[in-house]
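What follows is the residue order along each chain.
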Amino acid sequence: MPTALRSHRCAAVIGGGPAGLMAAEIIARAGIDVSVFERMPGLGRKLLIAGRGGLNLTHSEPFEQLKAHYGDAAAWMGSRLEAFPPPALIDWCEGLGQKTFVGSSGRIFPQAMKASPLLRAWIKRLEDMNVRFVTRAQWTGWSDGALAFADGTTYPADAAVLALGGASWPRLGSDGSWTRSLPNVEIVPLRPANCGFIADWSPILRMRYAGSPLKRIRLSFGERAVEGEAMMTSQGLEGGAVYALAAPLREAIVRKGAALCHIDLRPDVSLEALAERLAAERGKASLSNFLRKRAGLPPAAIGLIQEALHTGETKPLPELIKSLPVRLTAPFDIARAISTAGGIALSELNAHLMLRRHPGVFAAGEMLDWEAPTGGYLLHGCLATGAAAGHGVVSWLKS
Ligand SMILES: Cc1cc2nc3c(=O)[nH]c(=O)nc-3n(C[C@H](O)[C@H](O)[C@H](O)COP(=O)(O)OP(=O)(O)OC[C@H]3O[C@@H](n4cnc5c(N)ncnc54)[C@H](O)[C@@H]3O)c2cc1C
């Protein structure tokens, strides 16, 4: 750990994820000494896991549409994204030797479809810029104005960027414990985002179909509907379509104790066409065989229909297939969520992402109070706020 004696200005970044590394890059480019402190033995653990799904970096849709995915924080995030828009992100990635491509859904990925080559090249570039990395260094707060670490050491930086992440997948390093180190800062409670939900299904249904996918469904809640896939688990439902509606579902559960969503199990077939197919005589066929053959439903979807009928659902079968009610009672634990909602209230930050109550201390990434669905918006938001905080440090130290 560095000592307290220095003759020139230096900055510290706490957290070696994408937001922190981007902040360090901007600070180092301005010729300022910067050290990155990371509690884990290695950098970017969550970035590496994000790479397992191909590393969706951002989206190619029009900018206004992209911005809108940040919901309540869209206006705030907009100016950070404008300063680091998708073309800049792509240039940055390709500058690290990782060519990108636009997938059929408009999402942007590195051609390698993983994070390890990008992270390796990034760390090498930062080392070449003299960025210092201190791993196994757990920040705990301040002591006499210096950054304090769990092993009792301190580091008196002239400016610091906190980029400590959210609270999902805590084994990768970000566990939200930083909320205790900022006692006089307003922190919106951390909640799971892009998460699965507990469904009030019978134990038999859960047990029998845990691990069964529901492919090409349309999930709707209130005014919003998304097409995609979901996975039945021993607790309920998770997967892309569920994550896309996770924020309104979660908030409805907070307000009302439960959220009633509906699944269209055959969005590709109209209600009329289904009614026609199911008007045939069932004869001796079991309900399950009848639904499999006439409606083309997989076993898990049939299980859901049967459960609904057993629990008193009276809708005709075609309507049930087109709009199967599922009552969700709670989000899955935050440890299983893809990302975190809540964090440092945006009102605590000035335009340069400096904490109003801690001059010289900036914050970036998932630890701020914004959320977005999957689709590249998370990493883009983290990189853009990391860059903004880095620029904030540069102007603070130069002013
Ligand atoms: C399975 C999975 C897949 C994902 N896929 C994608 C995707 O394809 N596209 C996308 O946009 N997003 C994706 N994400 C989300 C994305 O990875 C995160 O939003 C992003 O990594 C957050 O960046 P961050 O720098 O803010 O925080 P983090 O990446 O969490 O980094 C924070 C760092 O701070 C360190 N730290 C925490 N506390 C301390 C402390 N007290 N002292 C020192 N260090 C500390 C942590 O160890 C960690 O390394 C995925 C997430 C998961 C879990």
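It should be emphasised that the depicted structure is a prediction, and the values quoted were computed from it without experimental measurement.

Along the protein, the regular secondary structure elements total 14 helices and 19 strands. Across its three principal axes, the protein shows a C-alpha extent of roughly 90 × 40 × 35 Å. In the protein, which comprises 399 residues, the share counted as buried stands at 53%. A separation threshold of at least 6 residues defines the contact pool for the protein, and within that pool the share at least 24 residues apart is 69%. The average position of the 43 basic charges and that of the 35 acidic charges among the side chains of the protein differ by 5 Å.

Turning to the packing of aromatic side chains, a few remarks are in order. Under the counting rule described, the total for this entry stands at seven aromatic pairs. Plain terms: the ring middles of Phe37 and Phe149 are 4.7 Å apart, the flat faces sit at 40° to each other, and that makes the pair tilted. Of this pair, Phe37 sits in strand β2 (residues 33-37) while Phe149 sits in strand β8 (residues 146-149); the two residues are 112 residues apart in sequence, bridging distant segments of the chain. Both rings, one in Phe37 and one in Tyr155, keep their centres 5.2 Å apart while their planes meet at 55°; by these two values the pair is tilted. Residue Phe37 is located in strand β2, and its partner Tyr155 is located in strand β9 (residues 154-155); the two are separated by 118 residues in the primary sequence. Comparing Phe37 with Tyr155 shows no difference in burial state: the two are buried.

What follows is about the confidence of the model for the protein. Note: predicted coordinates in regions of low pLDDT should not be interpreted at a detailed level. With 98% of its residues at a pLDDT of 70 or more, the protein shows a mean pLDDT of 96. Under a pLDDT of 50 for its full length, residues 1-7 has, in the predicted model, 16 contacts with residues more than four places off or in other chains.

With that settled, consider the sheet that holds β8. The strand order across the open sheet formed by three strands is β7-β8-β9, and the pairing between neighbours is antiparallel. Two strands lie at the open edges of the sheet, namely β7 (139-143) and β9, each paired on one side alone. Relative to β8, β7 is paired through four bridges, and the arrangement is antiparallel. The partner of Trp142 across the bridge, within β8, is Leu147.

All of the buried residues in helix α4 (residues 74-83) are Ala74, Trp76, Met77, Gly78, Arg80 and Leu81. Where α4 is buried, its residues touch α3 (63-68) and α14 (377-398).

Take unusual backbone geometry next. Positive phi, normally seen in glycine, also occurs at Leu55, with a value near 60°. Of note, Leu55 is situated in the loop between α2 (45-50) and β3 (58-59). Even without glycine at this site, Arg216 takes up a positive phi of about 45°. Structurally, Arg216 is set in strand β13 (residues 213-221). Judged by relative accessible area, Arg216 falls into the exposed class, the value being 65%.

Bringing the environment of Ala351 into the picture now. Of note, Ala351 is situated in the loop between β18 (339-344) and β19 (361-363). Residues Ala351 and Pro318 lie 33 residues apart in sequence; the distance between their C-alpha atoms is 54 Å.

As a further point, take the site of the ligand. Taken together, 31 residues are adjacent to the ligand, and Glu38, Asn56, Ser174, Glu366 and Leu379 come closest. Between an oxygen atom of the ligand and a main-chain N or O atom of Pro18, the distance comes to 3.3 Å. Note that an oxygen atom of the ligand is positioned 2.5 Å from one of the side-chain N or O atoms of Ser174. In the complex, the protein chains occlude 95% of the 1,000 Å² of accessible area that the ligand would expose alone. Elements that contribute at least two residues to the shell around the ligand include exactly α1 (18-29), α2 and α14. Within the shell around the ligand, the residues separate by chemical class into 17 nonpolar, 10 polar and four charged.

Looking now at the side chain of Glu25. Here Glu25 is to be found in helix α1. Separated by 3.2 Å, the side chains of Glu25 and Trp92 make a polar contact. In this view, Glu25 contacts Trp92, Trp122, Arg125, Leu126 and Met129; residues no more than four positions away in its chain are not counted.

A few words on the packing of α1 against helix α6 (residues 116-128). In contact at an axis separation of 10 Å, α1 and α6 are set at 30° when each is read in the N-to-C sense. The angle between α1 and α6 places the two elements in the roughly parallel class. In the packing of α1 onto α6, the handedness of the crossing is left-handed. In this structure, α1 uses Pro18, Leu21, Met22, Glu25 and Arg29 to contact α6, whose residues at the interface are Leu119, Trp122, Arg125 and Leu126. For the contact of α1 with α6, a count of residues per class yields six nonpolar, no polar and three charged.

Now for helix α11 (residues 287-295). Every buried residue of α11 is listed here: Leu287, Phe290, Leu291 and Ala295. The arc that holds the buried residues of α11, viewed along the axis, is 95°, so those residues lie on one side. The inward-facing, buried residues of α11 abut α10 (271-278), α12 (299-310) and α13 (317-322). In the stretch just after α11, Gly296 is the one whose phi turns positive, near 65°.

On to the pattern of salt bridges. Scanning all chains against the criterion turns up 15 salt bridges. Between Lys67 and Glu64 there is a salt bridge, with its nearest N and O atoms 3.6 Å apart. Here Glu64 and Lys67 lie together in helix α3, a separation of three residues that amounts to about one turn. With a relative accessible area of 18%, Lys67 lands in the buried category. Its relative accessible area of 53% is what places Glu64 among the exposed residues. In this structure, a network of salt bridges that share partners links the residues Arg191, Arg250, Glu251 and Glu371.

What counts, and at which threshold
Residues numbered from 1 in each chain as written. Predicted model: local features only at pLDDT ≥ 70, side-chain atom pairs only at ≥ 80, totals over all residues. Heavy atoms only, no water. Helix = DSSP H or I, 4+ residues; strand = E, 2+ residues; numbered from the N terminus. Buried < 20%, exposed > 50% of the residue type's maximum accessible area, 1.4 Å probe, protein only. Contact = heavy atoms within 4.5 Å. Lys, Arg positive; Asp, Glu negative; His and termini not counted. Charge placed at Lys NZ, Arg CZ, Asp CG, Glu CD. Phe/Tyr/Trp six-rings, centres within 6.5 Å; stacked < 30°, edge-to-face > 60°. pLDDT = per-residue confidence, 0-100. Pairing = 2+ DSSP bridges. Near = heavy atom within 4 Å. Polar contact = N/O pair within 3.5 Å; in protein donor to acceptor, adjacent residues only side chain to side chain. Areas by Shrake-Rupley, 256 points an atom, 1.4 Å probe, with all protein chains shown as cover. Nonpolar A, V, L, I, M, F, W, Y, C, P; charged D, E, K, R; others polar. Axes fitted to C-alpha atoms, helices over the stretch in contact; angles between N-to-C directions. Parallel < 35°, antiparallel > 145°, perpendicular 65-115°, else oblique. Left-handed = near helix turned anticlockwise from the far one by under 90°. Arc of directions from axis to C-beta. Salt bridge = Lys/Arg side-chain N within 4 Å of Asp/Glu carboxyl O.

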